[in-house]
Amino acid sequence: MVLAALGNDREALGDAIYGLKIHALVAIKENFTTPRAVVSLRFFNCFRLLLEKAEDPNELKIYVETLAFKHLNNEITEQRVEAVQDAFNELMVQNVPNLPPGTAAAWRKLLSYTGSCYRYVGDTYGERLRVIKAWDPWVGASQLFASQVSDFREPVQEDWAAVQKSATDDRNKDETKTNAGDNANAGGGDNVNADEAKEDDTADAGAETFSFGRMCAFSNEVMGQKTEGWMLELLEVFHILVDMISSPVHLQEECDLLAINLITKSNSIDFDKFKPVMLAALRSLLPKQWSTLHETSWEWLWTTVARNLNESTMKVRAFKPYNIRMFSSLQEEQLDRFRKDIFTEFFARSQASQDLFKQSQTRLRYIADRVLQSSSDMFQKNKDETLDDLSALGLRHVGYGIPIELFGPFVEVCVQVMHPLIQEFPNDVESTKLIWCPKDRAHQIPENEMPEHMMIEGFRWSIGLTARVLVRTIMDGSTAVMQAVHFDDSKRLRRALMDAPRVERCVWQLAVQVGSQSISPLFWALRSGAHDTAKTMIEDVLTIRADRDNYYFGADELFKYQPNIADNVLREAPFLAETLLDGLIWRSHKSKDNLRPVIYYLKHLLQDMDETKMLSRALISYIRFDHPQTIMHPILAFSLDMLWDKLALRYFIMDRILTIFNCFIFIIAECILNHPDLLEDATFSKVLAAARILVYTVGFLRLLYWHVSQTFIAYRSKALVKGCGLWLPQYLTRGAAKISLLLCLTMLAMMTARNLRGMAIVPGSRTAWMSGLDGDKVGER
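The structure presented is a predicted model; accordingly, all values stated were derived computationally and were not measured. (Residues numbered from 1 in each chain as written. Predicted model: local features only at pLDDT ≥ 70, side-chain atom pairs only at ≥ 80, totals over all residues. Heavy atoms only, no water.)

I keep staring at the overall build of the protein chain and nothing clicks. Help me out?
On a plain count of helices and strands, the protein chain comes out with 36 helices and ten strands. Burial status across the protein chain gives 40% buried among its 781 residues. Restricting the contact set of the protein chain to residue pairs at least 6 apart, pairs at least 24 apart contribute 69%. Roughly 43,400 Å² of accessible area belongs to the protein chain as shown, and the carbon and sulfur atoms make up 55% of that amount. (Helix = DSSP H or I, 4+ residues; strand = E, 2+ residues; numbered from the N terminus. Buried < 20%, exposed > 50% of the residue type's maximum accessible area, 1.4 Å probe, protein only. Contact = heavy atoms within 4.5 Å. Areas by Shrake-Rupley, 256 points an atom, 1.4 Å probe, with all protein chains shown as cover.)

Laid out in structure tokens, this is it:
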């Protein structure tokens, strides 16, 4: 109701919640360092999810615990919880005059529960997390309160930071040893440096530090056990698990993804083996600060992680064979029913989704196939490959503006449509004996119902995990800039960039990174038709800003993140072509003698970011655009004139001198020296022979060599096009190359015709020798 009262503007509602909270909690205002536009969207999503998950106590508990871990750096008191309740109730009363009875009490109870959870998690786990990840609960307190207690608080522990520093020192030492060995092999004075490096290594041998992974391997050897494959896989992502320990939902998601790789490394995994190895490695890396509190904290971390990993690996190992069996049993007729029914059921359950799926029936069938493919790939592909694919897909959903609340109903519909299809599979098992369910060993199921149960549960788990990854990607990638692009609102974009640091202002508009994947808001604005926002972004990126002695200009970042920006602009929004070029010109506002200083930023119009390319892709795109008014833009005209005068003119003239000389000789030989009166003189006959020899050597042989070499390169690199039923070299598609080949063939025909006529004369005679040079006069002679 509050959202409807504010015109269904999520950002406006989030901004209103932000303003009231800051007004009620002035003491923690300094703790909000993130831009207001970003925090406003987070507030809106937070309150919306609290309301949605209030129907399910278990989901509400998990979500509130996740929020509580994120607020461990704030001091949560009963007075602050009451202030937030009063502020939100005031917001509802002001915007919804006819508020239904009981609404205010329900929200007050929900916010009270949330605040109590914050306080409980902070008191129970705050100290442990502070030991592991350097959480400081005093940071969120007011400056006055912090100054009063600064003399009594203990120093913040930084276990994992110290461990990571050891890993960095270990890598630096390895690089130093490698460099010292290279210098020793170089000979001469470098041997002195190598000896010094050896002396330093010997001196520091007692204080040498290792990375966490190497210390775990050493601890395994000391304990007499082998470092198994699953341990190596676990060590590669252990830092992610440590970072996710404060977010139960994300930790469970990461453990589910990690389990996909772990089961391929070993048939049986005992996570209890890693606990003493981890603790021994940490004791060795943190000998001075290790205590009972550190022991308890890290034991709690691994107990939490091991419990999640044990459940995940058990599920993946149990679901994988049934998932393979399910997809091998699906017939084409069943697949067609799935493609048809999935969207029918989804549109019936969620009316708002029909406004988002405006594609054709063929496109909807493709999306249904991708849903099935993602379920199969979850068990078949590597975790990293799966995560990359899902991150890229999630970022595309960010550009489409897909609400995350639709993913839950969509997953339920997928399972609902798949269930009757699985029931149609033949089942040869008739036994009704109760057996333990292999996914958790917690309950028993009749043996004849086990295949159907495991197939549908495995499908539910894989689709649910896909949806969770997509939701997290969308939430991480739904920045204020992407929201402005979705609504094509330049004013919203300016508000989003208002709090952006100058050094990061360009990056906010050019790259949104989620995991290993990224999306460009500018590219998406061009592709989705948000041209007003795209124009504002181009102008903003190419604006020079000053910060004391530092100047910021986003041209380098623009061509770094978008090397094909000129081609994208010309394809999607040609009217922005001059906007991009105008941004590369700086014009002074002062003039002298009726002249105004101008600076052209030519770097990326002359040199491409890819050093293997001869010319800039941006300049080539503008040339191929073939628009007279655009190509006459001052910066393009200046760039092309510079390339012609400084680079191309000299080589062009040198290349054409031989052609001009050959043409001149050809005209003299065919028009002047070929006269019948001059051929009677032996001297002029010899001059004619020499001229024709020059024509064929300088002209024909040069053309023949060029075409043979280009043809060889084209066939070797497979740069071919199909024409006349044959695969021809691609360079022949250019007009100049066609004319050159035609000239070469013409000269070959002329030379062949003259030689054939000369062969008809008696060999060795003067007439035969002349006829080879002057075939037209054979009959006269």
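Read on for the rest.
How should the pattern of salt bridges be read in this particular structure?
Where charged atoms of side chains with opposite charge meet at close range, the side chains can pair. Across all of its chains, the model carries 22 salt bridges by this definition. Between Asp336 and Arg365 there is a salt bridge, with the nearest N and O atoms lying 3.1 Å from each other. Of this pair, Asp336 sits in helix H16 (residues 332-349) while Arg365 sits in helix H17 (residues 361-380), placing them 29 residues apart in sequence. Overall, the relative accessible area of 30% leaves Arg365 in the partly exposed class. Each member of the salt-bridge network shares a partner with another, and the members are Glu332, Asp336, Arg339, Arg365 and Asp369. (Salt bridge = Lys/Arg side-chain N within 4 Å of Asp/Glu carboxyl O.)

Quick question: what am I supposed to make of the packing of aromatic side chains here?
Each aromatic ring pair is specified by the distance between its two centres and by the angle formed by the two planes. Inspection of the entire model under this criterion finds 14 aromatic pairs. Seen in terms of ring centroids, Phe379 and Trp461 are 5.6 Å apart; in terms of plane orientation they differ by 40°. Their pairing is tilted. Placement of the pair is Phe379 in helix H17 and Trp461 in helix H20 (residues 450-477), with a sequence separation of 82 residues. For the pair formed by Phe379 and Trp461, the shared burial category is buried. Relative to Tyr731, the ring of Trp706 lies with its centre 5.5 Å away and its plane at 90°, an arrangement referred to as edge-to-face. Pair noted here: Trp706 is in helix H34 (residues 682-717) and Tyr731 is in the loop between strand E10 (726-729) and helix H35 (735-758), with a separation of 25 residues, a long-range link. (Phe/Tyr/Trp six-rings, centres within 6.5 Å; stacked < 30°, edge-to-face > 60°.)

I would appreciate a short explanation of the UniProt feature "transmembrane region" (unreviewed entry) in the protein chain in the present structure.
According to UniProt, the "transmembrane region" (unreviewed entry) feature falls on residues 651-673, 693-715 and 735-753. Summarising residues 651-673: 96% helix, 0% strand, and an end-to-end C-alpha distance of 32 Å. (UniProt positions renumbered as here; feature names shortened; annotations may be inferred.)

What's the story with the packing of helix H18 (residues 383-400) against H20 in this structure? I'm lost.
Between H18 and H20, whose axes approach to 8 Å, the crossing angle comes to 50°. With respect to H20, the element H18 is oriented oblique. For H18 against H20, the interelement crossing comes out right-handed. In this structure, H18 uses Leu387, Leu390, Ser391, Leu393, Gly394, Leu395, His397 and Val398 to contact H20, whose residues at the interface are Thr466, Val469, Leu470, Arg472, Thr473, Ile474 and Gly477. Classifying every residue of the contact of H18 with H20 gives eight nonpolar, six polar and one charged. (Axes fitted to C-alpha atoms, helices over the stretch in contact; angles between N-to-C directions. Parallel < 35°, antiparallel > 145°, perpendicular 65-115°, else oblique. Left-handed = near helix turned anticlockwise from the far one by under 90°. Nonpolar A, V, L, I, M, F, W, Y, C, P; charged D, E, K, R; others polar.)

Just to check I follow, could you spell out the confidence of the model for the protein chain for this structure?
Regions with low pLDDT should not have their predicted coordinates read in detail. For the protein chain, the average pLDDT comes to 77, and 81% of its residues sit at 70 or higher. Within the protein chain, the lowest mean pLDDT, 30, falls on helix H7 (residues 143-149), and the highest, 92, falls on helix H25 (residues 531-541). Per-residue pLDDT stays below 50 along residues 186-208; that stretch engages in eleven contacts with residues further than four places along the chain or on separate chains. Segment residues 761-781: pLDDT under 50, and 35 contacts once partners within four positions in sequence are set aside and those in other chains are kept. (pLDDT = per-residue confidence, 0-100.)

What should I look at first to understand a nonpolar patch on the surface in this one?
A contiguous nonpolar surface patch, about 440 Å² in accessible area, is contributed by Ile544, Tyr551, Trp586 and Ile599. Secondary-structure assignment places Tyr551 in strand E6 (residues 550-552). (Patch = residues over 30% accessible without salt bridge, like charges linked within 9 Å, V, L, I, M, F, W, Y side chains within 5 Å.)

Would you mind going over H17 with me for this structure?
Note on helix geometry: an α-helix contains 3.6 residues per turn, so any two residues three or four positions apart are oriented the same way. The first and last C-alpha atoms of H17 sit 29 Å apart over 20 residues, in line with the 28 Å expected at 1.5 Å per residue. Within the sequence span of H17, burial applies to Leu364, Ala368, Val371, Leu372, Ser374, Ser375, Ser376, Asp377, Met378 and Phe379. (Expected span 1.5 Å × (residues − 1).)

How do you make sense of the packing of helix H27 (residues 565-572) against helix H30 (residues 617-625) when you look at a structure like this?
The relative placement of two packed helices is expressed as an angle between their axes plus a distance between the axes. One way to put it is that H27 packs onto H30 with a least axis distance of 7 Å and a crossing angle of 25°. In terms of orientation, H27 and H30 fall into the roughly parallel class. Every residue of H30 that contacts H27 at Ala566, Asp567 and Leu570 is listed here: Ala618, Ser621, Tyr622 and Phe625. Its residues assigned to classes, the contact of H27 with H30 comprises five nonpolar, one polar and one charged.

Just checking my understanding: could you explain the side chain of Ser374 for this structure?
Here Ser374 is to be found in helix H17. Contacts of Ser374, omitting those with residues within four sequence positions, involve Ile463 and Thr466.

For this particular structure, what's the right way to read unusual backbone geometry?
Leaving glycine out, the prevailing phi sign among residues is negative, and the prevailing peptide bond configuration is trans. For Asp488, which is not glycine, the phi dihedral falls at a positive 50°. Among the structural elements, Asp488 can be located in the loop between helix H21 (480-487) and helix H22 (490-496). Despite not being glycine, Asp626 has its phi angle at roughly 55°, a positive value. By the element assignment, Asp626 lies in the loop between H30 and helix H31 (628-631).

Could you clarify how one ought to interpret a positive patch on the surface in this entry?
A cluster of like positive charges, contributed by Arg363, Arg370, Arg396 and Arg527, occupies part of the molecular surface. With respect to the secondary-structure elements, Arg370 resides in helix H17. According to the relative accessible area criterion, Arg370 is partly exposed, its value standing at 34%. (Lys, Arg positive; Asp, Glu negative; His and termini not counted. Charge placed at Lys NZ, Arg CZ, Asp CG, Glu CD.)

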